[in-house]
Amino acid sequence: MRAFLGRPVVNLALAAVAVLFSFSALAEEPGTPGANIANGMKIFNEGKGDTVPACMTCHGAGGWGLDAMGAPRLAGIGYPYVVKQLSDLAAGKRTPDGAGAVMVVFAGGLTEQERRDVAGYVNTLGGPPDLSDLKALKEGDTKIGERYLGQAIVKYGVIGKVSACSSCHGFNGRGAAPLFPVIGQQKYTYLVNQLNAWRAETRTNDPYAMMRKMAHNLTDDDILNIATYLATAPTSTAGDSMIPVTNQ
C-alpha cells in the first residue's frame, strides 16, 4: 500500500486540494455557479466607476426594492433569473419604461462576469422582508386591488381565462428556478408595471411568450388584485413554516 501511494500520487492529491481551495477563493455560494459573491457585493454597495451606480441606491441595502421608484425586489428571487434579466437589459432585449429605462445603461456597463457576480450576491440576501406598504400607497392615491380576489387567481386561476400563478411560480409565488422567479413579496408597483408591460407586449423577453399569453387575458382589476395579494403573500402555510429553497 505504501509503495502504491508514492510521491506522484501524493502530489496529485495535494494538487486536487489546491484546486478545491482555489475555487473556494471565488467565494461562490451553493446555487450561484461562476459568481464571485464578494465582487458582486462591492458593485451592489459601491457601484462601478462613473457608469454604474451602487445597486442599493434604488434597490435598497437589503435588495428589497422601492415602490416610489418602481424598483423591484432583487433579494433571493433567483440567481438564473437575475443573470438573464441583466443580460437581456445589456443586450437591449428588454427596454423598461420610466425610471427603469436606466437599467439598460447600468447593465451594459457590467461585464458578463460582473452581472453573474451581482446576481449571485443578491441571491444571498436574506433578513426580514421589507414589504410594500399597501396602506401608505393607497393613502398616496395609488390604486390598490382586492386581496382576496388576487389570492383566488394566484392559487386557482380562472377557468377558461388564465392559469394559476402558482402553477409555474410555486406556492404564493415563492419561485421555481431556473425558469420561474420569486414573485411573492415582490414590490407592488413593480408587479403592476410588469403585468401591464407583458399584456401590452412592451416587455417580450419571456420564454415561449408565456407571460404575454397569460397577461393578455387579465383585466386592469385582475392585475391590481394579483399584485395586491402577491406583494404581501406569506411564503409558507400556518401549519408548515418551513420554506423550501426554490430559487437556486
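All values reported here derive from a predicted model rather than from experimental measurement.

A.B. asks: Explain the overall build of the protein to me, and be specific about the residues and the numbers.
C.D. replies: Per the secondary structure count, the protein includes twelve helices and zero strands. Tracing the protein from N to C terminus, the helices and strands come up as α-α-α-α-α-α-α-α-α-α-α-α. In the protein, which comprises 248 residues, the share counted as buried stands at 40%. When the accessible surface of the protein is summed, it comes to about 13,400 Å², and 61% of that surface belongs to carbon and sulfur atoms.

A.B. asks: Which residues make up unusual backbone geometry, and what are the values?
C.D. replies: Ala177 connects to Pro178 through a cis peptide bond whose omega is 5°. In this structure, Pro178 sits in the loop between α9 (166-169) and α10 (188-200). Phi is positive for Gln185, which is not a glycine, with a value near 60°. Summarising the element assignment, Gln185 is placed in the loop between α9 and α10.

A.B. asks: Outline the pattern of salt bridges, listing residues and values.
C.D. replies: Overall, the coordinates contain six salt bridges when judged by the stated rule. Between Glu114 and Lys48 there is a salt bridge; the shortest N-O distance is 2.8 Å. Residue Glu114 is located in helix α6 (residues 112-124), and its partner Lys48 is located in the loop between α2 (37-46) and α3 (56-59); the two are separated by 66 residues in the primary sequence. With a relative accessible area of 15%, Glu114 lands in the buried category.

A.B. asks: Got a sec to walk through the packing of helix α8 (residues 147-156) against helix α12 (residues 220-231)? Specific residues and values, please.
C.D. replies: Interhelical geometry of α8 versus α12 gives an angle of 90° and a closest axis separation of 7 Å. As judged from the angle between their axes, α8 and α12 are roughly perpendicular. Along the contact surface, α8 presents Arg147, Leu149, Gly150, Gln151, Ile153, Val154 and Lys155, while α12 presents Asp222, Asn225, Ile226, Thr228, Tyr229 and Leu230. Among the residues making up the contact of α8 with α12, the classes are represented as six nonpolar, four polar and three charged.

A.B. asks: Describe the state of the cysteines, and please don't skip the residues or the numbers.
C.D. replies: Tallied over the entire structure, the rule returns zero disulfides. For the unlinked cysteine Cys55, the closest cysteine sulfur is that of Cys58, found at 9.1 Å. Of all cysteine sulfurs in the structure, the one in Cys168 sits closest to Cys165, which takes part in no disulfide; the separation is 8.9 Å.

A.B. asks: I'd like a rundown of the environment of Ala197, residues and numbers included.
C.D. replies: Positionally, Ala197 belongs in helix α10. The buried category is assigned to Ala197, whose relative accessible area is 14%. The sequence separation of Ala197 and Ala215 amounts to 18 residues, and the corresponding C-alpha distance is 8.7 Å. Once residues lying within four places of it in the same chain are set aside, the contact partners of Ala197 are Thr202 and Arg203.

A.B. asks: Got a sec to walk through the packing of aromatic side chains? Specific residues and values, please.
C.D. replies: If you walk through the whole model with that rule in mind, you get one aromatic pair. Centroid distance Phe44 to Tyr121: 5.5 Å. Interplanar angle 55°. Geometry classified as tilted. Placement of Phe44 in helix α2 and of Tyr121 in helix α6 is noted, with a sequence separation of 77 residues between them. Judged by its relative accessible area of 0%, Phe44 is buried.

A.B. asks: An account of empty space enclosed by the protein is needed here, citing residue identities and associated values.
C.D. replies: In total, this model carries one cavity of 30 Å³ or more according to the counting rule given. Put simply, the largest cavity is a space of about 30 Å³. For the largest cavity, the full set of lining residues is Ile77, Gly78, Tyr79, Pro80, Tyr81, Ala177, Pro178, Leu179, Phe180 and Pro181. Across the lining of the largest cavity, the residue classes break down as nine nonpolar, one polar and no charged.

Rules of the game
Residues numbered from 1 in each chain as written. Predicted model: local features only at pLDDT ≥ 70, side-chain atom pairs only at ≥ 80, totals over all residues. Heavy atoms only, no water. Helix = DSSP H or I, 4+ residues; strand = E, 2+ residues; numbered from the N terminus. Buried < 20%, exposed > 50% of the residue type's maximum accessible area, 1.4 Å probe, protein only. Areas by Shrake-Rupley, 256 points an atom, 1.4 Å probe, with all protein chains shown as cover. Salt bridge = Lys/Arg side-chain N within 4 Å of Asp/Glu carboxyl O. Axes fitted to C-alpha atoms, helices over the stretch in contact; angles between N-to-C directions. Parallel < 35°, antiparallel > 145°, perpendicular 65-115°, else oblique. Contact = heavy atoms within 4.5 Å. Nonpolar A, V, L, I, M, F, W, Y, C, P; charged D, E, K, R; others polar. Disulfide = S-S within 2.5 Å. Phe/Tyr/Trp six-rings, centres within 6.5 Å; stacked < 30°, edge-to-face > 60°. 1 Å grid on protein atoms, 1.4 Å probe; cavity = no way out; pocket = protein on both sides within 12 Å on 5 of 7 lines; lining within 4 Å. Points joined across faces, edges and corners; volume = space filled by probe spheres on them.

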